[in-house]
Amino acid sequence: ARRYVTLLLEHSERQALVFWQAYGRCFQGLLSIKSDDLIGGLAVLGAALERLRDIQFGVYYGVFLGEFADALGRVGRAKEGLAAIDEALARAERNDELWYLAELLRIKGELLLRQGGPDGPRDAEAFFLKSLDWARRQQTPAWELRTSLSLGNLRQIQNRPDDARNLVRSSYARFKEGFETADLQVARQLLEKLD
């Protein structure tokens, strides 16, 4: 991935392709975030998002904004993350870009949990359930699994391990391949812990 992002950045700079340069920077920021350089990745991704906002184009903008929001929450900046995810959700609704809605709703639930407060778990649960509904309606098992993991973790906090196990097991059972992927490994570990 790093090699291809580097190629994208080099070619887009050489050819003065401003849009693709901004996309390349977004992917560069995501790679840093996924490699646990949250602070560095946030800086690169935030600057690239501003550039895309200036260009006012980009189908993938909502995905980048959702990842940015999630990373903000992971570094303790949940309030800023909620503002970013609300922007992404509003854009998805406004532009009828609902293909990524399940994941955006899940991220909002995670941010509400991270923000804390007495209503955090209840509000997060509502967003997880909406996310699960969208994932099932759109028949996107990967997003269903990811949301099941988020809701399953909340069920554990609520001292409802049987509900957590049943939810994650049901989503996990739909997969026939890809068991080396991160989400399926996390699901397997959670199921082993709950059994």
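All figures in this text were calculated on a predicted structure; none of them were measured in a lab.

(A) Just the packing of aromatic side chains, in detail. Per the stated rule, a full pass over the model turns up 13 aromatic pairs. Here phenylalanine 27 and tyrosine 60 contribute two aromatic rings whose centre-to-centre distance is 6.0 Å and whose plane-to-plane angle is 35°, an arrangement assigned as tilted. Residue phenylalanine 27 is found in helix α2 (residues 18-34), and its partner tyrosine 60 is found in the loop between α3 (38-55) and α4 (61-74); the two are separated by 33 residues along the sequence. On the basis of relative accessibility, which here comes to 27%, the residue phenylalanine 27 falls in the partly exposed class. When the centroid spacing of 5.1 Å and the interplanar angle of 80° are considered together, the rings of phenylalanine 27 and phenylalanine 64 count as edge-to-face.

(B) View of a nonpolar patch on the surface. A contiguous nonpolar surface patch, about 280 Å² in accessible area, is contributed by Val59, Tyr60 and Trp99. Inspection of the secondary structure assignment puts valine 59 in the loop between α3 and α4.

(C) Examining the pattern of salt bridges more closely. Here the structure, examined in full by the defined rule, presents 23 salt bridges. Across the salt bridge formed by arginine 174 and glutamate 144, the nearest N and O atoms sit 2.3 Å from each other. Linking arginine 174 in the loop between α9 (161-172) and α10 (182-194) with glutamate 144 in helix α8 (residues 141-157), this pair joins segments that are 30 residues apart in sequence. Aspartate 195 is the salt-bridge partner of arginine 169, the closest N and O atoms lying 2.7 Å from each other. Linking arginine 169 in helix α9 with aspartate 195 in the segment after α10, this pair joins segments that are 26 residues apart in sequence. Judged by its relative accessible area of 62%, aspartate 195 is exposed.

(D) A look at the side chain of serine 150. Here serine 150 lies in helix α8. Those residues in contact with serine 150 that lie beyond four places of it in its chain are Arg106, Glu110 and Phe128.

(E) The side chain of threonine 147, seen in detail. Tracing the backbone through its elements, the reader meets threonine 147 in helix α8. With near-sequence residues (within four places) excluded, threonine 147 lies in contact with Ala102, Arg106, Phe128, Ser131 and Leu132.

(F) View of the nonpolar core. Within the largest apolar cluster, 43 residues are counted, with the highest numbers of intra-cluster contacts made by Leu45, Leu49, Leu52, Phe64, Phe68 and Ile85. Looking at this core, the elements that each hand over two or more residues are α2, α3, α4, α5 (78-94), α6 (101-115), α7 (120-137) and α8. Looking at this core element by element, the count peaks at 8 residues for α4. If sequence neighbours within four positions are ignored, leucine 45 has contacts with Cys26, Gly29, Leu30, Ile33, Phe64, Glu67 and Phe68. Among the nonpolar cores identified, the runner-up in size contains 11 residues, and Leu145, Val168, Phe175 and Leu190 belong to it.

(G) How the structure looks around the packing of α5 against α6. At a closest axis distance of 9 Å, the pairing of α5 and α6 adopts a crossing angle of 160°. It follows that α5 is roughly antiparallel to α6 by the angle criterion. When the axes of α5 and α6 are compared, the crossing they make is left-handed. Contacts between α5 and α6 involve Ala78, Gly81, Leu82, Ile85, Asp86, Ala88, Leu89, Ala92 and Glu93 from the former and Leu101, Leu104, Leu105, Ile107, Lys108, Leu111, Leu112, Arg114 and Gln115 from the latter. A class-by-class count of the residues in the contact of α5 with α6 yields 12 nonpolar, 2 polar and 4 charged.

The rules we used
- Residues numbered from 1 in each chain as written.
- Predicted model: local features only at pLDDT ≥ 70, side-chain atom pairs only at ≥ 80, totals over all residues.
- Heavy atoms only, no water.
- Phe/Tyr/Trp six-rings, centres within 6.5 Å; stacked < 30°, edge-to-face > 60°.
- Helix = DSSP H or I, 4+ residues; strand = E, 2+ residues; numbered from the N terminus.
- Buried < 20%, exposed > 50% of the residue type's maximum accessible area, 1.4 Å probe, protein only.
- Patch = residues over 30% accessible without salt bridge, like charges linked within 9 Å, V, L, I, M, F, W, Y side chains within 5 Å.
- Areas by Shrake-Rupley, 256 points an atom, 1.4 Å probe, with all protein chains shown as cover.
- Salt bridge = Lys/Arg side-chain N within 4 Å of Asp/Glu carboxyl O.
- Contact = heavy atoms within 4.5 Å.
- Core = buried A, V, L, I, M, F, W, Y, C linked by side-chain atoms within 4.5 Å.
- Axes fitted to C-alpha atoms, helices over the stretch in contact; angles between N-to-C directions.
- Parallel < 35°, antiparallel > 145°, perpendicular 65-115°, else oblique.
- Left-handed = near helix turned anticlockwise from the far one by under 90°.
- Nonpolar A, V, L, I, M, F, W, Y, C, P; charged D, E, K, R; others polar.

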